[in-house]
Amino acid sequence: MSNTINTLDQRISVFSGLAPSRQILHYARAALANARKINPESMASFRSVEAAICHGADDRVCETRQGLRWALALPAVPAGVAERVSTGSPTLADAAEVLELAISTGLAKRSKRRAIGDARALARRIHKNPDALTAFPASRRAIKKLLDGLTHCDFGMSVGSYASRRSRILFLASLLDPARRQTLRASELPAEWAAVFQDARAIGLGGQLAKIYPLVRLASRDGLSPSEVGQSVVDMLVDASAVRGLENPRASVGATVYAWNAVATRLPPHHLKRLTAPADLAKMRGPIVRRFTDLPDEVQKIWADFEAEYGNRTLGGNSLASLVVSSNDPYASLFAGAGISVSGYAANTMRNFKGLFTSLAWAEIEDGRTPTTLFDCLSHEAIGKVIATKRAAQKARSAAQGKEYQPKNATLKSVLTSLITLSRIAGRTDRDIDALLKLRNQLDPTIIKMKRDPRGGGYRPVYASEKMGPLHAEMLEQFSGEAGHTKLRAFLQLPETLFKPLESKLRRSKALTAAERVDGLTAIAIAILQVCPIRRANLVEGLRIGGPDPSMSIPTDPRQPIRIRISRSETKTGARDIAAELPVGVSRRIRVYVDKIRPQLMAAVGSDPDNPYLFPAKGQSPRSGTLVLKNISGRAWKRGGIRLDCHVFRHIAAKIVLDQDPSAIPLVSQILSHASITTTLSYYAKINDVISQRLYHQALASKIRSVFASPTSDDE
């Protein structure tokens, strides 16, 4: 075989991922570098380069010989693979071909062949074709991103087996990864660059050196000295980042350029030129976050007045209490106290109002106006800027996820609904409110058309029969089809999957780690939502095991089930109380959680000893609903391969009931505490229709069999 320096350099590059050690790889490259000094083109035999190795080499001659022997033993690289590697576009098919070649020549163990089978399993899962390896780039970053969107459930494997498969696939992707081949070690730097690094470390710029290393690799490859690095290198760095599969190449270059300028400023003797980051980098860094606490005091007072008027509050105390009851009367607490509690907007609604108010106020301030009333915050300009900003953020998010942007969506509808409410409270004109109503109708995804109203004139909206949003519909769809049964089983096993590992540790009276405490809390939250699909606000704020008004009754007898009763005044619709009796298994886990996990959690977050909530936070507060949602969705994905949020538990409950009996809409309405059956039908009509059609087809098939099985009069 040909042993030219360029050929060996190519083979070392291709098979570098299979080198016995990093030292062997380093010494193989060192041998080529020494040989190139003597004869830039040819290495006809091992003996012909021994002089080159000894000449100019360091005192590690023996190791350099070993590296050369390894390089000379490398097999020839197929032409197509070599071409794609040189252009930075290898695929997993190329990596599989290289690995097979390495196994056949003894460079890799036979067990490594499992990586090829795992890659084919990935191709079968994504493209329904195990031989479609050419569709995947040989890039560890790209393949890791793809695997991050899959779980063990997608392959029908256990968590441990999938982790091994994932590791082998990433190993295969790394073999020809262009980013791997761009590696340049500090020991291989030219003298001028080595001097820059030495001086930078001497004055404490070691952290900046790590950031500028991508730029150093490119400049060294093209033979540029530090003083010759100019703006053209930035463009090359952007292109190189794109080859590596980065989502936002220009943004990734920013930190490198800023670090380079820091080094250039601190090392004037090296005459380093300052560089400029890509022109659109500032736009990619996102908008500056404007916080409520940064608003002027007079603007914050506008919100404080609004919150005092429209939040939950108490009306005047009972000054006659002392005349009605005595101090030792057991019912004195009913008459005394701070007065009557008045329910304003729910806490979640007030938080949404506050976030919207903050955006509106900053929009006014940025336009040179300081609002003095809520009316001022709701100007046409401020409202337009807030909606435009939210739309831009949605479009950017859809583009990043590779999805088509849907201008009609529930988020914008919710924003418009809040704007309409605030406008009415602030006293905006009917004309302004009517304009917001029309815009909301245009953005409401549940409105399919406008229909003329013959009674009052004008037009009225016609709503779609299916009101479930696309995100929740997608989450519910994962429980259908071929993998639906596996996903549903993983869903039902989630509480045990999270809770069981903790029980043995708790039996030994050992303290739990922070992650284990969250696992225990999340397991209980999921277990409750599975058997009692309440809304998120009722889960975190409505479940109380202490205080003056506990909603959970925990009998002392462990054989008795725990009961939940949440008052209708705390529910979204106010239609009825939520009452549930938890199964014995769920009740047992809740008792373990309350006795052994919850006290550790309270100590960790700084809860008061008498915090009444099942899921406590600091002081007397309940755990944040957003945090509980994050815990549930994160654990469900990592441990079960399921995409979930708190509200999807309600949809799953409806699906389970309707799968058994399509006529059980009243039962679903009762379970979900809907105000009317009409609400239930608007969300689950599609599920009900599909199941009803399925049952009709079964009945039709049965009738056909019976008709054709019966003898006709002609047969007689």
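This one's a predicted model, so the numbers in the text were calculated from it and none came from an experiment.

Caption draft 1: Spotlight on the overall build of the protein chain. Across its full length, the protein chain holds 34 helices and 7 strands. When the accessible surface of the protein chain is summed, it comes to about 38,700 Å², and 53% of that surface belongs to carbon and sulfur atoms.

Caption draft 2: Expanded view of unusual backbone geometry. For K128, which is not a glycine, the phi torsion comes out positive at approximately 60 degrees. Looking at the element boundaries, K128 is found in the loop between helix 7 (114-127) and helix 8 (140-148). Of note in the backbone geometry, H271 takes a positive phi value of approximately 55 degrees without being a glycine. We classify H271 as exposed; its relative accessible area is 61%.

Caption draft 3: Broad picture of the nonpolar core. Among the nonpolar cores identified, the biggest contains 51 residues, and L539, L543, I590, Y593, L614, F615 and L644 are the most heavily contacted of them. Sorting elements by how many residues they give to this core places helix 28 (residues 514-531) first, with 8 residues.

Caption draft 4: Spatial organisation of the packing of aromatic side chains. Scanning the entire structure with this criterion turns up 11 aromatic pairs. Ring geometry for F479 against F491: centres 5.8 Å apart, planes inclined by 70 degrees, an arrangement best described as edge-to-face. Of this pair, F479 sits in the loop between helix 25 (470-477) and helix 26 (484-492) while F491 sits in helix 26, and the two are 12 residues apart along the sequence. A single burial state applies to F479 and to F491, both of which are buried. One aromatic cluster in this structure is built from W303, F306, Y310, Y345, F353 and F357. In this structure, K354 is placed above the aromatic ring of F292, and the distance from its NZ or CZ to the ring centre is 4.5 Å. A cation over an aromatic ring shows up here: R428 above the ring of F375, its NZ or CZ 4.1 Å from the ring centre.

Caption draft 5: Representation of the pattern of salt bridges. For the structure on display, the rule yields 22 salt bridges. Between D94 and R84 there is a salt bridge, with its nearest N and O atoms 2.7 Å apart. Of this pair, D94 sits in helix 6 (residues 92-104) while R84 is found in helix 5 (residues 79-86), placing the two residues 10 residues apart along the sequence. Of the residues examined, R84 reaches a relative accessible area of 32% and is grouped as partly exposed. Of the charged contacts in the structure, one is a salt bridge between D557 and R559, with a shortest N-O distance of 3.2 Å. In this structure R559 comes out as exposed when scored by relative accessible area, which is 67%. The network of salt bridges with common partners includes E364, D367, R369 and K385.

Caption draft 6: Structural view of the pairing of strand 7 (residues 578-581). Here strand 7 shows a buried face lined by I578 and A580 and an unburied face lined by A579 and E581. Looking at chain direction, strand 6 (residues 563-566) and strand 7 are connected through 4 bridges and run antiparallel. Within strand 7, the residue paired with R565 across the bridge is A579.

Caption draft 7: Just the sheet that holds strand 7, in detail. Within the open sheet, the 3 strands sit side by side as 5-6-7. Their pairing is antiparallel. Two strands close off the open sheet at either side, each with one partner strand: strand 5 (552-553) and strand 7.

Caption draft 8: Layout of the confidence of the model for the protein chain. In the predicted model, the protein chain carries a mean pLDDT of 81, and the fraction of residues at 70 or more is 82%. Counting interchain partners and residues more than four positions distant, the pLDDT-below-50 stretch residues 54-59 has 5 contacts. With pLDDT under 50 throughout, residues 281-288 is counted as low confidence; its partners more than four residues away or in other chains account for 8 contacts.

Caption draft 9: Structural context of the packing of helix 27 (residues 494-507) against helix 31 (residues 625-640). The N-to-C vectors of helix 27 and helix 31 enclose an angle of 90 degrees; their axes lie 10 Å apart at closest approach. Between helix 27 and helix 31, the crossing angle belongs to the class labelled roughly perpendicular. In this structure, helix 27 contributes L494, T497 and L498 to the contact, and helix 31 contributes R635, A636, R639 and G640. Its residues assigned to classes, the contact of helix 27 with helix 31 shows 3 nonpolar, 2 polar and 2 charged.

About the thresholds
Residues numbered from 1 in each chain as written. Predicted model: local features only at pLDDT ≥ 70, side-chain atom pairs only at ≥ 80, totals over all residues. Heavy atoms only, no water. Helix = DSSP H or I, 4+ residues; strand = E, 2+ residues; numbered from the N terminus. Areas by Shrake-Rupley, 256 points an atom, 1.4 Å probe, with all protein chains shown as cover. Buried < 20%, exposed > 50% of the residue type's maximum accessible area, 1.4 Å probe, protein only. Core = buried A, V, L, I, M, F, W, Y, C linked by side-chain atoms within 4.5 Å. Phe/Tyr/Trp six-rings, centres within 6.5 Å; stacked < 30°, edge-to-face > 60°. Lys NZ or Arg CZ within 6 Å of the ring centre and 35° of its normal. Salt bridge = Lys/Arg side-chain N within 4 Å of Asp/Glu carboxyl O. Pairing = 2+ DSSP bridges. pLDDT = per-residue confidence, 0-100. Contact = heavy atoms within 4.5 Å. Axes fitted to C-alpha atoms, helices over the stretch in contact; angles between N-to-C directions. Parallel < 35°, antiparallel > 145°, perpendicular 65-115°, else oblique. Nonpolar A, V, L, I, M, F, W, Y, C, P; charged D, E, K, R; others polar.

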